[in-house]
Amino acid sequence: MFDRPTRLFIVLGGFFVCNALIAEFLGVKIFALEATLGLAPFDWNLFGQSGSLSFTAGVLLWPVVFIMTDIINEYYGRRGVKLLSYLTVGLILYAFVFAYLSIGLAPADWWVGIQSGQGVPDMQAAFSAIFGQGMWIIVGSVVAFLIGQIVDVSVFHRVRRLTGERYIWARATGSTLISQFIDSFVVLYVAFVLGPQQWPMELFLAVGTVNYVYKFVVAIALTPLIYLGRTLIDRYLGAELSRTLRERAAFSEGAARAK
């Protein structure tokens with residue numbers, strides 16, 4: 001059987017990949033934050049643009065993905081995060097290939113109208129709209145994810161070299177805030193500025209800023225989960241093995257930089 005560090009990596013990696021995949025497919029839904037919380041509409045005005053607080057449902061999970069990145073980084077270092085990041089991108093693309101293939105399958109006649117009583121007269125059209133996300137959005141999301149992961153890992157270990165084992169919140173939350181800033185703007189730029197919608201720069205900056213402010217607040221609010229995760233992992237591994245893994249992760253990063 002696997003030893004405890006290996007089992008832990010499999011569990012953390014499973015949650016990491018699963019959260020990223022779910023976030024990609026949930027991203028097709030746009031929700032109104034004010035209405036969800038029962039608040040009056042908040043009309044923001046930035047860069048000459050205005051609007052309400054509307055986000056993709058994927059923002060519910062992406063902060064969790066970046067927190068998982070920091071926890072994995074803490075114990076398994078850059079190599080662990082890179083392995084899972086590349087695996088995640090590959091599986092996201094794999095999933096969308098089969099989503100598009102399934103859209104192309106001829107629907108059964110009885111299935112097309114099976115949910116008409118629930119307000120869905122054409123299940124094939126609904127299925128295509130939900131799972132057939134635009135190629136530019138998929139590319140933008142994947143590119144933003146990879147860049148965000150690389151930045152997150154680099155900032156995490158740079159802060160770790162400066163502070164040692166102290167200030168877990170600084171390296172975890174700090175790296176998340178910086179990586180999500182880049183993620184928020186890259187995905188919009190690729191998907192909606194370079195893509196066919198050709199957003200003006202003012203709209204791009206306004207929507208990107210609003211999205212990042214939301215992620216900033218959520219990242220700060222979720223900081224205690226970093227400490228909770230470390231506590232649970234330390235209990236599972238034991239103090240000595242946990243310390244060994246963290247030291248190995250820090251050492252491997254230093255060795256990689258020395259080459």
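For the structure itself, look to the data block above.
Below, the structure is looked at part by part. (Residues numbered from 1 in each chain as written. Predicted model: local features only at pLDDT ≥ 70, side-chain atom pairs only at ≥ 80, totals over all residues. Heavy atoms only, no water.)

Here's the deal with unusual backbone geometry
Peptide bonds are mostly trans, and most non-glycine residues show a negative phi. In this model, F47 sits at a positive phi of 50°, which is unusual for a non-glycine residue. Looking at where F47 falls in the secondary structure, it is placed in the loop between β2 (44-46) and β3 (49-51). Classification of F47 as partly exposed rests on a relative accessible area of 46%. Unusually for a residue other than glycine, Q198 sits at a positive phi of about 50°. Residue position: Q198 is located in the loop between α7 (168-193) and α8 (201-221). (Helix = DSSP H or I, 4+ residues; strand = E, 2+ residues; numbered from the N terminus. Buried < 20%, exposed > 50% of the residue type's maximum accessible area, 1.4 Å probe, protein only.)

Side note on the environment of T173
Relative to the assigned elements, T173 resides in helix α7. As for T173 and L241, which are separated by 68 residues in sequence, their C-alpha atoms are 24 Å apart.

Brief notes about the pattern of salt bridges
The full count for this structure, using the stated rule, is six salt bridges. Here E74 ties to R230 by a salt bridge, and the two come within 3.0 Å at their closest N and O atoms. With a gap of 156 residues between them, E74 in helix α3 (residues 62-103) and R230 in helix α9 (residues 223-237) connect regions that are remote in the sequence. You'll find E74 and R230 in the same group, each marked buried. Look at the salt bridges and you will find they share partners, linking E74, R160, R171, R230, D234 and R246 into a network. (Salt bridge = Lys/Arg side-chain N within 4 Å of Asp/Glu carboxyl O.)

Just distances and angles here, no functional claims.
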